[in-house]
Protein chains: 2
Amino acid sequence: MSRKAQPAVLTIAGSDCSGGAGIQADLKTFAAHGCYGTSVLTALTAQNTTGVQNVHPVPPSFVEEQIKSVLDDIDIKAFKTGMLLDAENARAVVRALRSRSRDGDPLPGLVCDPVCVSTSGHTLLHPDAVKVLIEELFPLAALVTPNKSEAELLLGHSGRNEEISSLEGMLRAAEELLSLGSTAILLKGGHITATLADVEEFSSRHSNVQVVRDGLFGENMEILQIGRSLSKSDQRVVVDILTNKKGETTIFARPHISTTSTHGTGCTLSAAIASGLAQGLDLKQAVREATVYTHRGIEDAPGIGHGNGPLNHLHGLRVSCVPAKSLDSPYPLTRMLIESSIGAWKHFVEHKFVKLLGEGVLPNECFAYFIKQDYIYLKYYARAHGLLAAKSTGYPQISSATQVILNILAELETHKSMSAKFGISVEDLDNAEEGIATTGYGGYLLTIGLEGDSTKLLMAVLACLLGYGEVGLWLKRQAGEPGSKIQLEGNQYRTWIEDYSGEMYQNAVRVGLETIEAHAEKDPPSPARLEDWLNVWKRCTDLERGFWDAAMKLGI
Amino acid sequence: MSRKAQPAVLTIAGSDCSGGAGIQADLKTFAAHGCYGTSVLTALTAQNTTGVQNVHPVPPSFVEEQIKSVLDDIDIKAFKTGMLLDAENARAVVRALRSRSRDGDPLPGLVCDPVCVSTSGHTLLHPDAVKVLIEELFPLAALVTPNKSEAELLLGHSGRNEEISSLEGMLRAAEELLSLGSTAILLKGGHITATLADVEEFSSRHSNVQVVRDGLFGENMEILQIGRSLSKSDQRVVVDILTNKKGETTIFARPHISTTSTHGTGCTLSAAIASGLAQGLDLKQAVREATVYTHRGIEDAPGIGHGNGPLNHLHGLRVSCVPAKSLDSPYPLTRMLIESSIGAWKHFVEHKFVKLLGEGVLPNECFAYFIKQDYIYLKYYARAHGLLAAKSTGYPQISSATQVILNILAELETHKSMSAKFGISVEDLDNAEEGIATTGYGGYLLTIGLEGDSTKLLMAVLACLLGYGEVGLWLKRQAGEPGSKIQLEGNQYRTWIEDYSGEMYQNAVRVGLETIEAHAEKDPPSPARLEDWLNVWKRCTDLERGFWDAAMKLGI
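Residues numbered from 1 in each chain as written. Chains lettered and ligands numbered in written order. Predicted model: local features only at pLDDT ≥ 70, side-chain atom pairs only at ≥ 80, totals over all residues. Heavy atoms only, no water.

**A word on the overall build of chain A**
And step 1. Looking only at helices and strands, chain A has 20 helices and twelve strands in total.
And step 2. Here chain A has a C-alpha radius of gyration of 34 Å; the compact-globule value for 556 residues is 24 Å, and the former is much larger.
And step 3. With the principal axes as the frame, chain A shows a C-alpha extent of 105 × 55 × 45 Å.
And step 4. Within chain A, the proportion of its 556 residues that are buried is 60%.
And step 5. When the accessible area of chain A is evaluated, it comes to approximately 21300 Å², of which 51% is carbon and sulfur surface.
And step 6. Of note, chain A has its 51 positive side-chain charges centred 1 Å away from the centre of its 65 negative side-chain charges. (Helix = DSSP H or I, 4+ residues; strand = E, 2+ residues; numbered from the N terminus. Rg over C-alpha atoms; globule rule 2.2 N^0.38 Å. Buried < 20%, exposed > 50% of the residue type's maximum accessible area, 1.4 Å probe, protein only. Areas by Shrake-Rupley, 256 points an atom, 1.4 Å probe, with all protein chains shown as cover. Lys, Arg positive; Asp, Glu negative; His and termini not counted. Charge placed at Lys NZ, Arg CZ, Asp CG, Glu CD.)

Set out below in structure tokens:
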């Protein structure tokens, strides 16, 4: 994930040393969303998946100091609060955040997860802090995200003692929580049993409630659920309800997962919502994407620990195999191609044929054989670019492949005039017998063009373009070294060297480099695809060497 | 990153609320390496990129409790220690770790970063702790990773007061640090100026020292550095020296980067080394990969904060666009394909043609037109699979494409016998005029086969295979609904419905689903490639609908 789009997010919460909840879960979630994570600690816990063994409070003044350090220096795009431990810390957080709000208005990106009790049942919020949350923190928040027991506790505080056990009960509770003074409430239903039939019935009774389904099979998807198709009253679902002050209510339904891996799901969800807000999603979209992210994390839980294990925060990530461009390395893919088969590349670039040519002592019959075979090879090379044009879907690509064909046709003239100097006529070129190495290489190009996409074909044709560019520069550099046997002065092959090290050819090399890098940047390869590219590159490098081997031996 | 390979790593260090150093940098680094991160806090700091504003110590007993909570529950594959603050906390860490070592031997995966001073110059280790580090912690470590000033401080403690300012000085210091009792030392040279010429000279004097170069241009890479080629004495490099008790020494050289984004580089490097060790790399390889990771993170620094900014820990990650398989969703890619163009898909699957056919009232001439065009279409469909075989590089893929052709040829016989029932002779089929919709669809398949790789062609041919499977199941399900007009009994098209909903065809659907998912799993698409696939799928879905439109109108 490039540096370019990493909005900064701040979590204010407790530490879970075992890594599944608290700021650890938040930081992992921010990272998974490509956000820059910062974190202020309100309390430390010694805990693991089996329970909370101990809690160490952080002094309120130090909570404020941390928040100040972060906000003074970093442009935070969204916030979340988690475990705040007690009233004093909650007040410290409120003070620090309020100083950043305009006229005490809600902070646009503040998600407040009213963490009260751990998954394992440990109290994480002192009772006296509930009032601070409701009266002082919630009014600052863009969203408050209680689960069933937290909602019951918060509502109990204002005198309502009803268990939330149905979708109707959830809706009522969400609306009552909203009336406590928040901008929006997401009441999480992970602990409430419902079926798809319940959702549809509920939805038919509340026509103003929008239903968002994720991960549930819709119509016309029978082929995807052979042998697994459940009736609506058998399909267990988890439902979250989002309601806001504008009177908009949405329910998010997804399949229920039978699992014990739920450690830190609340932290994760609220951190994911904050990440979405930081990236500019509206609240509903941020909630939707966050529920999907969290759901998939639970599905893919790594099975760590002996109790309620953590989810997999990294399920949506892959390691990219081509590094980003940098000042030091403007062509990272080409560099990988060359480095991955550096031995073969060196054999090609510093081939005996090349050295003798550079020294001007290459036997003329070898050069003659080479130039005739190259003349034939260029036919394949032109055809490969015709195929590349046929495989291209955009005019710029069609144009660039066509331009290469025109360049090849122009190069033929150079071949003809150079050949003439060595007594080879145009008829000799046209009537030359195709060598086996030429057939092998030419056929390989067209085979790659048949089997792969345009990028794969580019890998094949560029090994030749870039290789001759490197050969030209290598010879030129060697010729410049003191005492080198390689020289331009008086060299019968001077024109050849100057052609390939010259501006025109090197400009074509540059275009080739830019093209291949642009393809990899636009459509970054998977490891398997990169390996495929590396193999094509290596094979072409070997075929190039074989081409020169053949010239040295006047045929294979 | 799948849950399957996430080794757990533990960092024992301080908290940097601004997210660039401390356990925050460590957790981000673990995540970037696909490791499961856990973290024990030894101290909290209120800091940002401009400096450390305050430090809050964590009581030694609570440090031990946290370590115990983690180690009692989670199988930690590698450890790193960072800021330990003071002697008491250092001793607490030593006690907790020693209890996990066999006979006080070094812990295989323990990397000790002797954090003494922050990038901004703040003291992070009390002087009395140095002795504990050297005498008690280092002997437990697999590697100790001081930078220049930490090395000078550690050596100063044992009476040596020499500034480290050259490669020779680094080597001497590394060897002396080793003699303090560690298994291996990585002395980091980020603050020591050297050139590539220095490295080569150093290397020629110490033939036993291995030199590892990363990011530096080697031979035969002239084309990659046009206009940027530096002489060896102008090429500034950063060098780290790794030396171990077995007497093996390696130097890691890479280009120097002019930057102020160095906040947390030491934390990051040691966390990256621990990640590599957790994944089973040997120490040298782990160090090499960690230096490259850190280097790229600095190159790609996000420019956060007003002082020494953090590096980009996430530079090597991408968001994957196809979710992993799960119990609830065994065909995630196909699901995306269908959901992304669900409207077009429904138009196709529930086309008027399909409904009338299901009701048995489709005019015979429409069915006759359809069956003739389908007979012609299957020729394209077979050719597309011939092309697929030609594009396949493995025997299983060649075999499966060929099998489909054989199935198509067998399907022709069904077409013939079904046609006969409607008075359509084999001659009628063979002489039918190709409709425009058929030409369009058939030509599209072969065009996709020409332009893309085998996976893209699969997307095109599977829309038809899977679509007819869905149509078959949809009709069968509708026929089973009470009161439905769609029925099998007495339906003149019953055989057609039973063919496509039957076991043989549905098995082919299954194979198709598995094939397409396996391709996406082996070679996960980039966002651009996925979009391309979605477009192909949508286009084929529209072409399918067009095919039935044509049948209804007896030609377009």
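**A closer look at the nonpolar core**
And step 1. Residues A:Leu97, A:Ile273, B:Leu97 and B:Ile273 are the most contacted members of the largest nonpolar core, which totals 193 residues.
And step 2. Here A:Leu97 is in contact with A:Ile12, A:Phe79, A:Thr81, A:Leu107, A:Leu110, A:Leu137 and A:Leu140, once residues within four sequence places are set aside. (Core = buried A, V, L, I, M, F, W, Y, C linked by side-chain atoms within 4.5 Å. Contact = heavy atoms within 4.5 Å.)

**Considerations on helix α8 (residues 265–278) of chain A**
All names here are of chain A.
And step 1. Here α8 is 14 residues long and its end C-alpha atoms lie 20 Å apart, about the 20 Å a rise of 1.5 Å per residue gives.
And step 2. Burial runs high along α8: 13 of the 14 residues are buried.
And step 3. Phi turns positive one or two residues past the end of α8, at glycine 280, with a value near 95 degrees. (Expected span 1.5 Å × (residues − 1).)

**Looking at the confidence of the model for chain A**
And step 1. Overall, the predicted model of chain A reaches an average pLDDT of 94, with 99% of residues at or above 70.
And step 2. The ipTM assigned to the predicted complex is 0.93, against a pTM of 0.93. (pLDDT = per-residue confidence, 0-100.)

**A few points about the UniProt feature "domain: Thiaminase-2/PQQC" (unreviewed entry) in chain A**
And step 1. Mapped onto the present numbering, the UniProt feature "domain: Thiaminase-2/PQQC" (unreviewed entry) falls at residues 344–552 of chain A.
And step 2. Helix makes up 82% of residues 344–552 of chain A and strand 0%, whereas the separation of the span's terminal C-alpha atoms amounts to 18 Å. (UniProt positions renumbered as here; feature names shortened; annotations may be inferred.)

**Quick look at the relation of the copies chain B and chain A**
And step 1. At an RMSD of 0.0 Å, chain B and chain A line up after a rotation of 180 degrees and a shift of 0.0 Å along the axis. The symmetry that links the two subunits is that of a two-fold axis.
And step 2. Comparing contact sets, 100% of the residues at the interface of chain B also lie at the interface in chain A, consistent with an isologous, same-surface contact. (Least-squares fit on C-alpha atoms with pLDDT ≥ 70 in both.)

**Describing the UniProt feature "domain: Pyridoxamine kinase/Phosphomethylpyrimidine kinase" (unreviewed entry) in chain A**
Residue and element names in this part refer to chain A.
And step 1. When the UniProt feature table is mapped onto this chain, "domain: Pyridoxamine kinase/Phosphomethylpyrimidine kinase" (unreviewed entry) is found at residues 16–199 and 232–312.
And step 2. The span residues 16–199 shows a helical share of 39% and a strand share of 21%, and its end C-alpha atoms are spaced 35 Å apart.
And step 3. Regarding residues 232–312, the helix share stands at 38% and the strand share at 20%, and the terminal C-alpha atoms are separated by 29 Å.

**Quick look at the interface of chain B and chain A**
And step 1. Each partner contributes residues to the interface: chain B has 119 residues there, and chain A has 119 residues.
And step 2. Interface area for chain B against chain A, summed over the two sides, is near 9900 Å², with a carbon-plus-sulfur share of 55%.
And step 3. In terms of surface lost to chain A, no three residues of chain B exceed B:Asn220, B:Ile223 and B:Arg318, which account for 8% of the buried area on that side.
And step 4. Taken together, the links from chain B to chain A amount to eight salt bridges.
And step 5. Scanning the region where chain B abuts chain A turns up 55 residue pairs in polar contact (both at pLDDT 80 or more).
And step 6. The biggest single contributor to the side of chain B that touches chain A is strand β2 (residues 36–48) of chain B, with eleven residues.
And step 7. Looking at the side of chain B that touches chain A residue by residue, the classes come out as 52 nonpolar, 41 polar and 26 charged.
And step 8. With three bridges joining them, strand β12 (residues 317–319) of chain A and strand β12 (residues 317–319) of chain B adopt antiparallel strand pairing. Bridging across to β12(B), A:Leu317 finds its partner in B:Val319. (Buried area = accessible area lost by both parts, 1.4 Å probe. Salt bridge = Lys/Arg side-chain N within 4 Å of Asp/Glu carboxyl O. Polar contact = N/O pair within 3.5 Å; in protein donor to acceptor, adjacent residues only side chain to side chain. Nonpolar A, V, L, I, M, F, W, Y, C, P; charged D, E, K, R; others polar. Pairing = 2+ DSSP bridges.)

**Considerations on the pairing of strand β4 (residues 76–81) of chain B**
All names here are of chain B.
And step 1. Extensive coverage of β4 is indicated by the burial of five of its six residues.
And step 2. In the sheet, strand β1 (residues 8–16) pairs with β4 via five bridges, with the strands oriented parallel. Note on β4: the bridge partner recorded for isoleucine 12 is threonine 81.
And step 3. Inspection of the sheet shows β4 paired to strand β5 (residues 110–112) by three bridges, in the parallel sense. Its bridge partner lying in β5, phenylalanine 79 is registered against leucine 110.
And step 4. Read as a crossover between parallel neighbours, the route from β4 over helix α3 (residues 87–98) to β5 is right-handed. (Right-handed = clockwise from strand over helix to strand, strands pointing away.)

**A short note on the side chain of B:Gln235**
And step 1. Positionally, B:Gln235 belongs in the loop between β9 (209–213) and β10 (236–244).
And step 2. Residues in contact with B:Gln235, not counting those within four places in the same chain, are B:Ala194, B:Thr195, B:Leu196, B:Leu216, B:Leu230 and B:Pro255.

**Overview of helix α1 (residues 22–32) of chain A**
Residues and elements named next belong to chain A.
And step 1. For α1, the buried fraction is high: eleven of the eleven residues fall into the buried class.
And step 2. Residues of α1 that are buried include every one of Gly22, Ile23, Gln24, Ala25, Asp26, Leu27, Lys28, Thr29, Phe30, Ala31 and Ala32, and no others.
And step 3. One or two positions beyond α1, positive phi appears at glycine 34, with a value near 70 degrees.

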